[in-house]
Amino acid sequence: MSRYELSDILDTNRLELGPAGEARGSGHWRYAMDEDRLGWLVLDCRDKRVNTISQAVFRELAEQLDKVEQDLPKALVIRSAKPAGFAAGADIAMLSEAGSDDFETLLGEAHGVLDRLEGLSCPTIAVVHGPALGAGYEIALACDWRVAIDGATFGLPEVRLGLHPGLGGTFRLPRLIDPLAAMTLMLTGSSAHTRKAKKLGIADLVTLERHLPAAIAAVLRGDVKRKNGSFKQRAFELAAARNLAAGRMRRETQAKAPKEHYPAPHALIDLWAEHGGDTKAMQKAEIASFARLLQSTTCRNLLRVFSLRQTLKDAAKGADGIKTVHVVGAGIMGAEIAGWVARQGKRVTLSDPDKAALGRAVATARAICEDGHLNSLETRDALDRLMPDPFGYGAARADLVIEAGPEKPEIKQKIFADLAATMKTGAILATNTSSLQLERFVDRVPAKARFAGLHFFNPVRKVPLVEVISHSRTDKQTRERLLAFCDGIGRLPVALKDSPGFLVNRALMPYLMEALLLMEEGVDKEVIDTAATRFGMPMGPIVLADQVGLDICLDVAQSMQEALPESIATIPARLREKVEAGETGRKAGRGFYDWSEGTPKPASDASPPEDIEDRLILPMIDACASCLRLGIVGSEEETDAAMIFATGFAPFRGGPMHYARTRGHAEIATALERLKGRHGERFTPDPYWRNGH
Ligand code: NAD
């Protein structure tokens, strides 16, 4: 074997039969030396599509290092055999099951293995394609060099799980690149895509797969220069400099992720400030801090959120049989849906009587591709898959038609009637309506059994949840195909039964209306929004209403009020006034807030009404409980997942139903009764709380 390309490495047989080496693999790793005495250590986690780093991976890495040490190669190259990328991070199941004491010992062992890798007396090169995240990236960090195959992504996203890096990332990354940039990456959990990774010094070299042998040769010849030993790195070896910077980091972090809700980033800053100049001390402290954080409520809840994602994905198995999609209506939603679906590999036609809307939709699709770091060829291919179709001819060929016309029943009815004449047999018709019940359209659609709701959220590229709604005659196959379709386009589907506002809007509306009522009572909008963000919502309800669009809020509130007068008792007059004045929120540049200079970030120190948090949050949770009792949603897990992945509901609380369980159902009912006594019937607790669920 004189050359290794990904295809060779993927081919287990070839590796095992290589002429110069015995590529015995113990399960997760394979090792072979080629005729140039390059050692190839390949990570290929058994029975997994994506590499995840577990205790077994480290134990087996130790065994492989024994072999490497016994017959030292000219250089050791570490890479992944998975087409999906280098590694996705630590095995979440292992983290979820871990107890504190044992885990500290396990972490210590894993550190020992990475220290051995780092200490090898031959050069070590990590070759990264696709994502190298968390523990996977920390393995690459223990190598001397990192070669990125174009398209690679590096990141330490542990803070998103209520943790910080635990396998040396906290000291190896700040040692490799500008320490402030390293801290920013770890504190935000954001990833560096290839170009940024190169610029920051995370990747020493970027190459294409076919040029990899030349890239490795260049590294070994000493032709690749690294920008290290910067002034900043030396400066931050001094505790005084670190303390100064840490003070600022603490203030900024507290504003975005308060310590009482998100302890991990604060623990990371403490680690760095205290031990940043001393690798050994930092290593010891990192292990202890990681094991401590792993037992925190925040971390347990965030790990649960991670598994909720899997719960939704698991419900969406099988083939969707959908190759071509036709979208009707190229407004805000139609354009986003069409662009996203094309980006994810399906052929899409898009119709709208307004030609300018079609033009804007193509620009939206391009922006979606660019946001997702698609290169120019991939973007071109995605745009080729999206065909503006002013006369709607595509509807006749599509396997799925998504209706995203205006939220006016008469317009939707006309669209459905036209589609009945054109859609092919077997095709599914789905509406993206946010507030109209499907039942009212059932008699007008081409095929009742293949009519359903596919409720995407705005913007589709950012909000992963899709509500998949069945009315009383939607057949099982249609539901399953739509769930699989959502999974196939990288969105998270939740199966729901047709009802007013479905799940997410039904829960959100009482929350938004209560916020507006508080405003009418004279409470400052900033005070209301601050109360919600203190609870852990990603933004306050008034900012959210502005962002969604006040006209849309009014539409949804009105149709929910018709159907559920007990839940939306009054629609505050200020909402109507704003809509009539054309001040519809972000899209108009002004709503309750002024949006001309970007997203408002209200913060207030004024003391809010004592019961404000319950007044805002409990109606939302109570609506979730109603949906569960009525069988609109299948389980508390799905409810939590839907609310987190659609609205960002305080993830560290594990979702609305998990929050209710933690607080106790009886206590939730009592708190609602208290609010009912003070503020009115709309707070009447749902029977769910008393029924011993
Ligand atoms: P929009 O007003 O931005 O777009 C509607 C588009 O439909 C316009 O481009 C219009 O020209 C076009 N149209 C009008 N008559 C048509 C016809 N007969 N055939 C085809 N197209 C026609 O509206 P939107 O915000 O994109 O909402 C579309 C749907 O999605 C609505 O049902 C809405 O409730 C739902 N929705 C909206 C949001 C949101 O935040 N905007 C979120 C989720 C769901």
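Since this is a predicted model, take the numbers as computed values, not measurements.

> What am I meant to see in the site of the ligand here?
Among the 23 residues in the neighbourhood of the ligand, the closest are listed as M333, D352, E407, K412 and S434. Between an oxygen atom of the ligand and a side-chain N or O atom of D352, the distance comes to 2.6 Å. Contact distances for the ligand include 3.4 Å between an oxygen atom and a backbone N or O atom of G405. Within the complex, 79% of the 830 Å² of free accessible area of the ligand lies under protein. Looking at the shell around the ligand, the elements with two or more residues in it are helix 16 (332–343), helix 19 (409–422) and strand 15 (451–456). Considered class by class, the residues forming the shell around the ligand number 11 nonpolar, eight polar and four charged.

> Help me understand unusual backbone geometry, please; the structure alone is not making it clear to me.
It is generally the case that most residues other than glycine have a negative phi and that most peptide bonds are trans. With an omega of -5°, the peptide bond between N458 and P459 qualifies as cis. Structurally, P459 is set in the loop between strand 15 and strand 16 (465–470). Backbone geometry places R37, a non-glycine residue, at a positive phi of 65°. Along the chain, the position of R37 falls in the loop between strand 1 (29–33) and strand 2 (38–43).

> Looking at this structure, I do not really get the nonpolar core. What am I missing?
One recurring pattern in soluble globular proteins is that nonpolar side chains are buried together. With 99 residues, the main nonpolar core has Y511, L616, F649 and W689 as its most contacted residues. Here this core spans two domains, since at least three of its residues come from each of domain 2 (324–497) and domain 3 (504–690). Among all residues touching L616, those that are not within four sequence positions of it are Y511, E514, A515, L518, I528, A531, A532 and P541. Among the nonpolar cores identified, the runner-up in size contains 78 residues, and W29, L41, A140 and L156 belong to it.

> Where do I start with the sheet that holds strand 14 (residues 428–431) in this structure?
Across a sheet, paired strands are connected by hydrogen bonds in the backbone, their directions being either parallel or antiparallel. Read from one edge of the open sheet, eight strands run 12-11-10-13-14-15-16-17, paired in mixed fashion. Pairing within the sheet leaves two strands with one partner each, and these edge strands are strand 12 (386–388) and strand 17 (492–497). Neighbour-to-neighbour, the strand axes of this sheet turn through a mean angle of 25°, independent of strand direction. In the sheet, strand 11 (residues 347–351) pairs with strand 12 via three bridges, with the strands oriented parallel. Across the sheet, the residue bridging to T349 is M387, located in strand 12.

> What am I meant to see in the confidence of the model for the protein chain here?
In regions of low pLDDT, the predicted coordinates are not meant to be interpreted in detail. For the protein chain, per-residue confidence averages 93 on the pLDDT scale, and residues scoring 70 or more make up 95% of the total. For the stretch residues 1–6, pLDDT sits under 50, and the model shows 24 contacts to residues farther than four places along the chain or on other chains. Confidence drops under pLDDT 50 across residues 12–25; counting only partners more than four residues distant or on other chains, this segment forms 25 contacts.

> Is there a simple way to explain the layout of surface pockets in this structure?
The gaps of empty space that remain are located by a probe, the size of a water molecule, rolled over the atoms. Considering only enclosed or pocket space, the second largest pocket measures out at about 430 Å³ in volume. The wall of the second largest pocket is formed by 25 residues, among which E566, S567, D622, R682 and T684 lie closest to the centre. Elements with a minimum of two residues in the lining of the second largest pocket: helix 21 (504–520) and helix 26 (612–629). Considering only residue class, the lining of the second largest pocket consists of 13 nonpolar, four polar and eight charged.

> Just to check I follow, could you spell out the packing of helix 8 (residues 179–188) against helix 13 (residues 263–275) for this structure?
In a packed pair of helices, the relevant descriptors are the angle between the two axes and the axis-to-axis distance. For the pair helix 8 and helix 13, the least separation of the axes is 10 Å and the interaxial angle reads 155°. Judged by the angle between their axes, helix 8 and helix 13 are roughly antiparallel. Every pair of crossing elements has a handedness; the one defined by helix 8 and helix 13 is right-handed. In contact with P179, L180, M183, M186 and L187 of helix 8, helix 13 contributes P265, L268, I269 and W272. Partitioning the contact of helix 8 with helix 13 into residue classes produces nine nonpolar, no polar and no charged.

> I would appreciate a short explanation of the packing of helix 15 (residues 297–314) against helix 27 (residues 636–647) in the present structure.
Two numbers describe how helix 15 lies on helix 27: the axes approach to 9 Å, and their chain directions differ by 105°. As judged from the angle between their axes, helix 15 and helix 27 are roughly perpendicular. Of helix 27, the residues touching helix 15 (which contributes R304, V305, L308, R309 and L312) are E637, E638, D640, A641, I644 and F645.

> Looking at this structure, how should I read the domain arrangement of the protein chain?
Size of an interface: often given as the accessible area lost when the parts come together. Split into domains, the protein chain comes out as domain 1 (6–294), domain 2 (324–497) and domain 3 (504–690). A separation of 42 Å is found between the C-alpha centroids of domain 1 and domain 3.

> Explain helix 6 (residues 134–141) to me, please; I cannot follow it from the model alone.
Within an α-helix, residues lying three or four positions from one another point in the same direction, as the helix has 3.6 residues per turn. Counting buried positions along helix 6 yields eight of eight residues, so the element is predominantly enclosed. Among the residues of helix 6, G134, A135, G136, Y137, E138, I139, A140 and L141 are the ones counted as buried.

> Teacher, can you tell me more about the sheet that holds strand 8 (residues 191–193) here?
Spatially, 5-7-8 is the arrangement adopted by the three strands of the open sheet, whose pairing is mixed. Either end of the sheet is taken by a strand with one partner, and the two such strands are strand 5 (131–133) and strand 8. Strand-to-strand twist across the sheet, computed as the mean angle between neighbouring axes with direction ignored, equals 15°. The pairing of strand 5 with strand 7 (residues 153–155) spans three bridges and is classified as parallel. When the sheet's bridge partners are listed, L133 is paired in strand 7 with G155. The sheet contacts of helix 6 involve strand 5 and strand 7, and relative to strand 5 the element is tilted by about 90°.

Procedures and definitions
- Residues numbered from 1 in each chain as written.
- Predicted model: local features only at pLDDT ≥ 70, side-chain atom pairs only at ≥ 80, totals over all residues.
- Heavy atoms only, no water.
- Near = heavy atom within 4 Å.
- Polar contact = N/O pair within 3.5 Å; in protein donor to acceptor, adjacent residues only side chain to side chain.
- Areas by Shrake-Rupley, 256 points an atom, 1.4 Å probe, with all protein chains shown as cover.
- Helix = DSSP H or I, 4+ residues; strand = E, 2+ residues; numbered from the N terminus.
- Nonpolar A, V, L, I, M, F, W, Y, C, P; charged D, E, K, R; others polar.
- Core = buried A, V, L, I, M, F, W, Y, C linked by side-chain atoms within 4.5 Å.
- Buried < 20%, exposed > 50% of the residue type's maximum accessible area, 1.4 Å probe, protein only.
- Domains from an automatic or database assignment.
- Contact = heavy atoms within 4.5 Å.
- Pairing = 2+ DSSP bridges.
- Axes fitted to C-alpha atoms, helices over the stretch in contact; angles between N-to-C directions.
- pLDDT = per-residue confidence, 0-100.
- 1 Å grid on protein atoms, 1.4 Å probe; cavity = no way out; pocket = protein on both sides within 12 Å on 5 of 7 lines; lining within 4 Å.
- Points joined across faces, edges and corners; volume = space filled by probe spheres on them.
- Parallel < 35°, antiparallel > 145°, perpendicular 65-115°, else oblique.
- Left-handed = near helix turned anticlockwise from the far one by under 90°.

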